[in-house]
Amino acid sequence: MRGRGINVNEFMRSLTPKQTKGNPFIVWEDGNGNYYCNFRFEDANGTEIPFYIRDLDNGLISLYFNILPAGTSTVYLIPEINMINKGRGREMPLDWFTVLALGYVHSGMLTGDGKVYMWGYNYYGRLGDGTTTDRYVPTLISQSAFNNEKVVALSLGRDYSGCITETGKVYMWGRNANGQLGDGTTTDRYVPTLISQSAFNNEKVVGLSLGNLHSGCITATGKLYMWGWNNYGRLGDGTTTNRLVPTLIPQSSFNNETVVSLSLGGYHSGCITETGKLYMWGHNNHGQLGDGTTT
């Protein structure tokens, strides 16, 4: 999965969450003095660009590319845990957990090599192991459930779950009474179910968020799709009609800006655009939308 392309000169000045599709660029140190980060870099041809850290001081880093091919003006970020030395290595343990996601009464994690582990309450098949048996320890979901692709993002809703694979595909499973899985039905799914990429105009999905009974995602070009239960207008399409498939929210809703980050609550939703603007919609009985009203 590629992140947003970053202009090289802009990159050398700063790397913001806006530029990494809402995920901050993180560098950390283990107990042995080794440094790691959560992205790697490619040029426009998909060739990996080696890099290293020169300084780490008070939370500020200087990151340098070893070799930057002549004429390169853009680098691309790919989410992946890496060890950083004078040249990039792959010494990070692949079974090291990299992502944690929690639902209402179920939990999940990703490993560095893209495997999914799930545990907790399994009613509605929300764990995705093909059963409704509760699991008290992390249980591996077979990679074959995702067409043998690595999983790079995981999100859990109240009674259901979803993930994104390395090629930008979306898989959903669990409760589906209100169409929150986005497969065009209201049938519960006990195993990960692929949502056709045509539902997203054949674009790769780079961000996924699940709420109580509604879901949303962001595509590679910053478009927002929403689906599921729509009472209180939580989907943001101007109606209260449930949507059983991903429904495009017009870019005009966001002043024609691209969306870079999305988060869903129990009955409301919010996103951030490329210029750092915040948009909120849905239930507002406690002022959770932040617009100064309870409307």
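Before reading on, note that the structure itself is shown above.
Computed from a prediction, not measured in an experiment: that's the story for all the values here. (Residues numbered from 1 in each chain as written. Predicted model: local features only at pLDDT ≥ 70, side-chain atom pairs only at ≥ 80, totals over all residues. Heavy atoms only, no water.)

**Remarks on the environment of Ile 218**
And step 1. Inspection of the secondary structure assignment puts Ile 218 in strand S16 (residues 214-219).
And step 2. For Ile 218 and Thr 258, which are 40 residues apart along the polypeptide, the C-alpha to C-alpha distance reads 9.3 Å.
And step 3. Residues in contact with Ile 218, not counting those within four places in the same chain, are Lys 204, Val 205, Val 206, Gly 207, Lys 223, Leu 224, Val 259, Val 260, Ser 261 and Leu 262. (Helix = DSSP H or I, 4+ residues; strand = E, 2+ residues; numbered from the N terminus. Contact = heavy atoms within 4.5 Å.)

**Looking at the environment of Gly 265**
And step 1. Considering the arrangement of structural elements, one finds Gly 265 in the loop between strand S19 (259-264) and strand S20 (268-273).
And step 2. Taking the C-alpha atoms as reference, Gly 265 lies 6.8 Å from Asn 212; in sequence the two are 53 residues apart.
And step 3. For Gly 265, the contacting residues outside a window of four places in its chain are Gly 211, Asn 212 and His 214.

**Things to note about the sheet that holds strand S13 (residues 170-174)**
And step 1. Read across the sheet, four strands follow the order S11-S12-S13-S14 without closing on themselves; strand pairing throughout is antiparallel. Edge strands, defined here as strands with exactly one partner in the open sheet, are strand S11 (151-156) and strand S14 (189-195). Each strand axis lies, on average, 20° off the axis of its neighbour in the sheet, ignoring direction.
And step 2. Note: S13 against S14, four bridges, orientation antiparallel. Counted as the bridge partner of Met 172 is Thr 193 from S14. (Pairing = 2+ DSSP bridges. Axes fitted to C-alpha atoms, helices over the stretch in contact; angles between N-to-C directions.)

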